[in-house]
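Coordinate analysis (summary)
So the chains spell out like this:
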Amino acid sequence: MTIEKTTLDRRAFLRSSVMAGGGLVLGLSWLASAASAVEKATDVSASEWANFNAFLKIGEDGRVTIFSPNPEGGQGVLTAMPMIVAEELDVDWKNVVVEQAPLDTKLYSRQYMGGSNSIRSGWNPLRKAGATARQMLREAAAQSWHVPVGEVTTAKGVLHHKSSGKSATYGELATAAASIPVPADVELKAVKDFAIIGTSPKNVVGKEIVTGKPLFGYDIQEEDMRIAMIVHPPAFGMKLKSFNASSVKTMPGIKDVFQIKVFNEDYVWEHFDTVTFNELVAIVGNSTWEVMNAKLMLEVEWEQIQDHTITRNDYYAGKQELNIPSKPENSDWHKSASAEMAAQPGNVLRKDGNPEDAFRNAAKIIESTFIGPWLAHNNMEPYSFFAHVTDEWAKLKGPNQKPGLTVNALSHRLGMPVEKIEVEMTRMGGAFGRRSYAHWMIEAALISQHVKAPVKLVYSREDDMTGGIYRPYYRADYRAALDKNNKLIAFHVKAGGLVESPLINPNLFPAGAVDNYLAESWQIDSNITIGSYRAPRSNFMAVAEQSFLDEVAEAAGIDPIEFRLELLDRVKTNPVGERVGYDADRLAGVIKLLKEKAGTGQAGVHRGVSAYFAHGTYVAQALDIIIEKGKPKTKNVCCTVDCGIVINPDGLKNQAEGSIVDGIGVAMYGNLTFTNGVPDQNNFDTYEMIRYGDPLLPETIDIHFVESEVDPTGMGEPAFPPIMAALANALYKAKGKRLYSQPFVNDLG
Amino acid sequence: MAIFKLKINGKQYQVDVDPSTPVLWVLRDHLKMMGTKYGCGVAQCGACTIHLDGEAVRSCITFVDSVGDQEITTIEGLSENGDHPVQEAWLEHDVAQCGYCQPGQIMSAAALLNSNPHPGDEEIETAMSGNICRCGTYTRIKQAIKTAANS
Ligand code: FES
Ligand code: FES
C-alpha cells in the first residue's frame, strides 16, 4: 500500500455530492495539472451539479457507474480506464456500468487519444478517483458505526468492521459518504493486491457491437436531421474557382448547395487544425444516396493555388511558417527531390565522437536507403459528424480523437465561446491518428449554421481517401562502419520526408551504443497535407532502422539478437553521449524474453526479428516464414511486450495482434501515389489492404508480457512499427533479397 | 420514386424511393436500421453485408428494385437476442476492436455457416476475403468462426 498525497491537487477534486434519488457522485478534474479547472473548482454552484458529469456515481442499489473520459476507437480504453477506477474503489466488476463521458474541458484535461497516451496519463488520476471514493465510504461507515476508520475494511463493494461484525454495502452508505469532505490523503493498493487489474473482462460494449447498435458517428440519427456531403478539389494544389448549382438544386431530395470556408485566411492553425481544402462546396439533402448522386452532377471549376504560407503552432516545433508550393506533385518528383536532399548535408540532430574519421578508417562500410510511401488511414468508418448550430449554442456529436483541443478551433470559427458548445463523443470506427483533426467537425458546424438545421456530414470513401492529412513519403539513408574485428564503430542516419522528417528524436537506439554517431534530418515543402498516422514517424523509422541493423549484424557475422544485446550492454555499462532516450534494460528485457519464448525455430523456418521502443512501450518480435508452393507464408509471430503493469491482458493482446496484422498489411501493400496532384488510389479497389487468405497473415500470434510493476503505458501503437522490419528480415532470409522500399509487394514480385 | 415492399427480418416494410437506391441506404436512411455499415460503396470492403434469402450480398451494390420478394436479413435480425452462435462466438473471443467492420464480418460468417456448417481454413478464407478489418482482427475472427461451427 502506498499513501498518495492529494494535498497538492486537492482542489482538483471538484467535490462530492448526493445524486438525485440518493447515492454518491464524485467528480474530479481529469488531470490535476489542469489549472483552469482548479480555479473554477471552488465555485461550482449546486445548480451546476444537476448536469454534472463526473468520474463515478454509486447508486443506493450499489451499482457503480464509471465515466470513461477518453474517446474510444478500438484501443480498449472504454474498458481499461474504468477497470483502474474500479480496482481502487474495490468493487465487483460485474456491478460496474461504464459510460462514455462527454467532452468537458473544465472537468477533464487531456481528453484525447494519441501517442498511446490515454492510459499513461490516466493511471494516477484514475486510481486516485477510485481510492478517494473508497476512503469516503470508509469514513461514512466509521461515523455511522462509531468505530475508528482504520478498522473499516472493504471487499467487493462491501464495508466491514471485524470486531463488531458490522457490514454494509457501498450502496447503503453512498448517500452518507457524499457529505464526507474529500480526504487529503488516500491509500493506493499495492500491485500484488490488484484483483481487477490483470484480469481480462470483455469489451464493455461487445454485445452492442455484435448486434449492430448505432454506436458510430455515421449512425447518428436526430430529429429533422439533414444529410450533408462536401465536394473537394480533385487534386492537391487546386482550389475552388466557381460552381453551378442550378441543375443540382432541383434534383430530388436536395435542399441546398453552397460554399463554405473552413478557416478564415488570417487564422493561425493549432497542431490539429490542418485543413487540406479550405474552400468546399456543401450539398445538403434528405438522404445519403440523393446527395451522393447530386455530387456527381455538380458542375465545378477548379483552379491552381498560388504559392503561399500558412502559420501554424506545431506541437513540437512551436510557431512555424509552412510554405505551400503551388506546383502539382507527382510520385516521381517525391522520389527525385528526396534523393537530392539525401545527397546534401542535413540538420545535425546529434553527433558523438568523430564519425567522419571512423568511416574513413573503417574495414567495412554498409550503406542502405529505405523508402516509405504516402499512406492513407483508411479507417473503416469514413469521416462523419453531426452538428446543430443556432445563434445561441452549438451541439456537436461524432468521432474525434482530440475533442478537447479541436473544440477551440470550432469556437474560434463560429465566434462562439467554448461554454456554448457541447461536444458528445461517439465510438470511432477506427482512429489511427486521422481523427485527431478538427476540419470535418468545423465543416459540419458551418453547414448546419448555414441551413439552420441539424445536419450530419458524411464523407464518401473517395472523399476520405483523397482528402489529405496522410502519413507522408519518407526516406532514410543509413551507413554503418565496422572495424577489422567486426565491431560497430560508427553509425550514421540521415532521414527526411515531405513536409516533415521522420527523425525527430535522435537519442533512440542505437544512440548511446556507438562511439561515433551522427543523426541528420531534412524536409521538403509540399502541398499535400500530412498528419498523425498510427505510431507517427516510428511507423517508418522502426522498419528502416531494424532492417538495417539486421544487415549490419549479418555483415559483422553475428546473430541479430546477440548483436542487439551486445549493443545494449554497452549502453548499460558505458553509454556514449549525454542523452539516451530509452531504457536499455527494458529494451534488452523484451529481447531476452523473445529469445526464451520464440525458441530456436525449426528447419525450413525463416525467422526475422525486430525490437523497438516507441510511445512508451518496449516490443520485440520474431516472425517465422515458411515457403509453401513457392510462396512465403507466415506461420507464427512471437511478440514480447514491456508496457509496465498489464491492465487487461486479453485486451492488450488483441491490440498487439491487430497491430501485427495491420503492420504486415501496411508494409506489404500500403501505398498512395500521385499524378499531377491527383491521388491514384481512391477506394479499396485500388488501395490494397490485407485480407483473409493472404499467405502473410500469421497463422498464429503469441504475445508475452514482461512482468513489471512500472506504471502502465499504452498498446495501441507500439507493436505496429517493428513488425514491418521483422517481416522484411524474414522475407530476406526466405528469398535472399533485402527489401528497402515499401510497399514490399512491388519488390517481391 | 416508386413504392417497394420489402421483407426485412421477418417484417414487412414499405418505402418510397428511387429504384436505383442501394438497399444499404434504404436500410440506413429510410428505415433507420444502422447496423449495416457503409465502408466503400463499391463491393470491396464487406461492411454492408446482409443476407438475401440466406446468402451474403453487399447491400451497397444491391439496388432496391432488384430485391423483389427475396427476404432480407440484417445484423439486427440475425437473432432475436443477439445470441446467434456467431454473435456468441464473437463475444467469447472478444473479437472487436473499433467494431465498425464487425456486423459485416458476422453476416458473412453466418452465411458461410448456413451453407457449410464445418468449413475448413481455406473455405473460411475464401468466404471472408471480401471483408476488410483495418484493426486487424482476422486471427480472432477465424477462431470465432471455428468456435461457432462447433457449437
Ligand atoms: S460498403 Fe459495401 S462492400 Fe463496402
Ligand atoms: S474492428 Fe475496426 S475495422 Fe474491424
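Definitions and limits used
- Along each chain, residue indices are assigned from 1 in the same order as the chain's sequence is written.
- As a convention, the first chain written is A and the first ligand written is 1, with the rest following in written order.
- Only residues with pLDDT of at least 70 are given local features in this predicted model, and only at 80 or more are side-chain atom pairs given and counted; all residues enter the totals for whole chains, interfaces and linings.
- Heavy atoms throughout the structure, all of them, feed into the side-chain values; hydrogens and water do not.
- Residues are treated as being in contact if the distance between any of their heavy atoms lies within 4.5 Å.
- What counts as buried area is the accessible surface, traced by a 1.4 Å probe, that two parts surrender upon association, with contributions from both included.
- Salt bridges are identified by distance alone: a Lys or Arg side-chain nitrogen within 4 Å of an Asp or Glu carboxyl oxygen.
- Within 3.5 Å is the distance limit for a polar contact, defined as a pair of N or O atoms, with the added protein rule that one can donate a hydrogen and the other accept it, and that residues adjacent in sequence qualify only through two side-chain atoms.
- Stacked, tilted and edge-to-face pairs are distinguished by plane angle, under 30 degrees for stacked and over 60 for edge-to-face with tilted covering the rest, among Phe, Tyr and Trp rings (Trp via its six-membered ring) whose centres lie within 6.5 Å.
- Any Lys NZ or Arg CZ found within 6 Å of a ring centre and within 35 degrees of that ring's normal is scored as a charge over the ring.
- Runs of H or I in DSSP of at least four residues are treated as helices and runs of E of at least two as strands, each being numbered from the N terminus.
- Only protein chains enter the accessibility calculation, which uses a 1.4 Å probe; a residue is then buried when its area is under 20% of its type maximum, exposed when over 50%, and partly exposed in between.
- Pairing between two strands is assigned when DSSP locates at least 2 bridges connecting them.
- What counts as an axis is a line fitted to C-alpha atoms, over the stretch in contact for a helix, and the angles between N-to-C directions run from 0 to 180 degrees.
- In this analysis the probe radius is 1.4 Å and the grid spacing 1 Å, with only protein atoms considered; a cavity is a set of points the probe fits into but cannot get out of, a pocket is an open set with protein on both sides within 12 Å along at least five of seven lines, and lining residues have an atom within 4 Å of a point.
- Grid points are joined across faces, edges and corners, and a volume is the space filled by probe spheres set on the points.
- Classification used: nonpolar for Ala, Val, Leu, Ile, Met, Phe, Trp, Tyr, Cys and Pro, charged for Asp, Glu, Lys and Arg, polar for all others including Gly.
- Read the arc as the range of directions from the helix axis to the C-beta atoms.
- Each patch is assembled from residues with relative accessible area greater than 30% and no salt bridge, linking like charges that lie within 9 Å and nonpolar side chains (Val, Leu, Ile, Met, Phe, Trp, Tyr) that lie within 5 Å.
- Note that accessible areas follow from Shrake-Rupley with a 1.4 Å probe, and for residues the cover is restricted to the protein chains shown.
- Charged residues are defined here as Lys and Arg on the positive side and Asp and Glu on the negative side; His and the ends of the chain fall outside this count.
- A charge is said to be at NZ when it belongs to Lys, at CZ for Arg, at CG for Asp and at CD for Glu.
- For every residue, the pLDDT score states the predictor's confidence, bounded by 0 at the bottom and 100 at the top.
- Left-handed describes a crossing whose near helix is turned anticlockwise from the far helix by less than a right angle; the clockwise case is right-handed.
- For this analysis, a nonpolar core means a set of buried residues of the types Ala, Val, Leu, Ile, Met, Phe, Trp, Tyr and Cys, connected via side-chain atoms within 4.5 Å.

It is worth spelling out the interface of chain B and chain A at this point. Contact with chain B, which involves 53 residues of that partner, is made by 61 residues of chain A. The contact between chain B and chain A buries some 4700 Å² in all, and 57% of this surface belongs to carbon and sulfur atoms. Summed over the three residues of chain B that lose the most area to chain A, namely B:Gln97, B:Arg134 and B:Tyr138, the buried surface amounts to 19% of that side. In this structure, the connection of chain B to chain A is made through five salt bridges. Measuring nitrogen to oxygen at the nearest pair gives 2.7 Å for the salt bridge that ties B:Arg134 to A:Asp662. On inspection of chain B and its partner chain A, the count reaches 25 residue pairs in polar contact (both at pLDDT 80 or more).

Both the distance between ring centres and the angle between the ring planes are used here to describe each pair of aromatic rings. This model, assessed by the stated rule, comprises 25 aromatic pairs over all chains. The cationic tip of A:Arg738 hangs over the ring face of A:Tyr732; the distance from NZ or CZ to the ring centre is 3.6 Å. The positively charged end of B:Arg134 is found above the aromatic ring belonging to A:Phe432, 3.9 Å away from the centroid.

Another aspect to go through is the pattern of salt bridges. All names here are of chain A. Applying the stated criterion across every chain, the model contains 40 salt bridges over all chains. Taking the shortest distance from any N to any O, the salt bridge between Glu222 and Lys397 comes out at 3.4 Å. Here Glu222, found in the loop between α6 (206–210) and β11 (226–231), pairs with Lys397, found in strand β21 (residues 394–398); they are 175 residues apart in sequence, far enough to count as distant. Overall, Glu222 belongs to the partly exposed group, its relative accessible area being 33%. For Lys397, a relative accessible area of 19% gives the class buried. Salt-bridge contacts for Lys595 lead to Glu562; the nearest nitrogen and oxygen are separated by 2.9 Å. With a gap of 33 residues between them, Lys595 in helix α16 (residues 584–598) and Glu562 in helix α15 (residues 560–573) connect regions that are remote in the sequence. Classification of Lys595 as partly exposed rests on a relative accessible area of 39%. Salt bridges sharing common partners tie together Glu87, Asp90 and Lys189.

Residues and elements named next belong to chain A. Spatially, β13-β14-β11-β23-β20-β21-β22 is the arrangement adopted by the seven strands of the open sheet, whose pairing is mixed. Since the sheet does not close on itself, it has two edges, and those belong to β13 (254–261) and β22 (421–425), each with one partner. Direction aside, the axes of adjacent strands within the sheet are offset by 25° on average. Judged from the five bridges that link them, β21 and β22 form a sheet pairing that is parallel. Paired with Lys397 across the bridge in β22 is Glu424. Strand contacts of helix α8 (residues 288–297): β11, β13, β14 (279–285) and β23 (455–458), with the helix running at about 25° to β11, the strand carrying the most contacts.

Both trends apply: most residues other than glycine have a negative phi, and most peptide bonds are in trans. Residue and element names in this part refer to chain A. Look at the link from Phe509 to Pro510: it is a cis peptide, with omega at 0°. As for its placement among the helices and strands, Pro510 is situated in the loop between β25 (488–498) and β26 (516–524). Cis geometry marks the peptide bond from Gln742 to Pro743; its omega dihedral reads -5°. Relative to the helices and strands, Pro743 is located in the loop between α18 (720–735) and α19 (745–748). Non-glycine residue Ile469 carries a positive phi angle of around 60°. Counting through the fold element by element, Ile469 comes out in the loop between α13 (461–465) and β24 (474–482). The class for Ile469 is buried, based on a relative accessible area of 0%.

A few words on α8(A). Extensive coverage of α8(A) is indicated by the burial of seven of its ten residues. Among all positions of α8(A), only A:Thr288, A:Trp289, A:Glu290, A:Val291, A:Met292, A:Ala294 and A:Lys295 are buried.

The next subject is empty space enclosed by the protein. If a probe the size of a water molecule is rolled over the atoms, the empty space left behind becomes visible. Residues and elements named next belong to chain A. This model, assessed by the stated rule, comprises six cavities of 30 Å³ or more. Computed from the structure, the largest cavity encloses a volume of approximately 130 Å³. A per-element tally of the lining of the largest cavity places helix α17 (residues 649–669) first, with four residues. Taken together, the residues of the lining of the largest cavity break down into ten nonpolar, five polar and three charged. There is about 70 Å³ of room inside the second largest cavity. Lining the second largest cavity, in full, are Ile230, His232, Val275, Thr276, Phe277, Leu280, Arg434, His439, Glu443, Tyr459 and Gly467.

Within helix α5 (residues 170–177) of chain A, burial applies to A:Tyr170, A:Gly171, A:Leu173, A:Ala174 and A:Ala177. The buried residues of α5(A) all sit within an arc of 165° when viewed along its axis, so they share a single face.

Residues and elements named next belong to chain B. Inspection of the secondary structure puts Thr36 in the loop between α1 (23–30) and β3 (49–52). Since its relative accessible area comes to 2%, Thr36 is described here as buried. Apart from the residues within four sequence positions on either side, Thr36 is in contact with Leu24, Leu27, Arg28, Ala47, Cys48, Thr49, Ile50, Ser59, Thr74, Ile75 and Glu76.

Let us look at the pairing of strand β20 (residues 384–389) of chain A. Residues and elements named next belong to chain A. With five of six residues buried, β20 lies mostly within the body of the structure. Looking at chain direction, β20 and β23 are connected through four bridges and run antiparallel. Opposite Phe385, over in β23, you have Leu457 as the bridge partner. Bridge analysis of β20 against β21 gives four bridges, and the strand direction is antiparallel. Across the sheet, Ala387 pairs through a bridge with Leu396, a residue of β21.

A cluster of nonpolar side chains, namely A:Tyr315, A:Tyr316 and A:Ile504, defines an oily patch on the protein surface of about 380 Å² accessible area. The topology assignment puts A:Tyr315 in the loop between β16 (308–314) and β17 (318–324).

Turning our eyes to something else, we now look at a negative patch on the surface. A grouping of B:Glu80, B:Asp83, B:Glu88 and B:Glu92 is seen on the molecular surface, where their side chains present a negatively charged patch. You can see B:Glu92 is positioned in helix α2 (residues 85–92).

Looking now at the sheet that holds strand β8 (residues 158–161) of chain A. Residue and element names in this part refer to chain A. Spatially, the three strands line up as an open sheet ordered β7-β8-β9, and their pairing is antiparallel. At either margin of the open sheet sits one strand with a lone partner, and together these are β7 (152–155) and β9 (166–169). When the angles between neighbouring strand axes are averaged without regard to direction, this sheet yields 25°. Lying on the sheet, α5 is in contact with β7, β8 and β9; it crosses β9 at an angle near 80°.

What follows deals with the confidence of the model for chain B. The pLDDT averaged across chain B works out to 97; a share of 100% of its residues lies at or above 70. ipTM for the predicted complex: 0.98, alongside a pTM of 0.92.

This paragraph deals with the packing of helix α4 (residues 121–128) of chain B against helix α5 (residues 138–149) of chain B. All names here are of chain B. At a minimum axis distance of 11 Å, the contact between α4 and α5 shows a crossing angle of 115°. Here α4 runs over α5; the crossing is right-handed. Where α4 approaches α5, its residues Asp121, Ile124, Glu125 and Met128 are matched on the opposing element by Ile141, Lys142, Ile145 and Lys146. Taken together, the residues of the contact of α4 with α5 sort by class into four nonpolar, no polar and four charged.

All names here are of chain A. Along strand β5 (residues 64–68), five of the five residues are buried, which leaves the element largely enclosed by surrounding structure. Taking every second residue as pointing to the same face, both faces of β5 are buried, with Val64, Ile66 and Ser68 on one and Thr65 and Phe67 on the other. In this structure, strand β4 (residues 56–59) lies alongside β5, joined through three bridges in antiparallel fashion. Bridge pairing links Leu56 to Ile66 in β5.

Right, let's talk about the nonpolar core for a bit. The biggest cluster of nonpolar side chains holds 267 residues, and the ones touching the most others in it are A:Leu396, A:Ile447, A:Phe491, A:Leu727 and B:Trp90. If near-sequence neighbours (up to four positions away) are discounted, B:Trp90 is found in contact with A:Val210, B:Val95, B:Gln102, B:Gln105, B:Ile106, B:Ala109, B:Ile141, B:Ala144 and B:Ile145. B:Val15, B:Leu27, B:Met33 and B:Val64 belong to the second largest nonpolar core, which has 15 residues in total.

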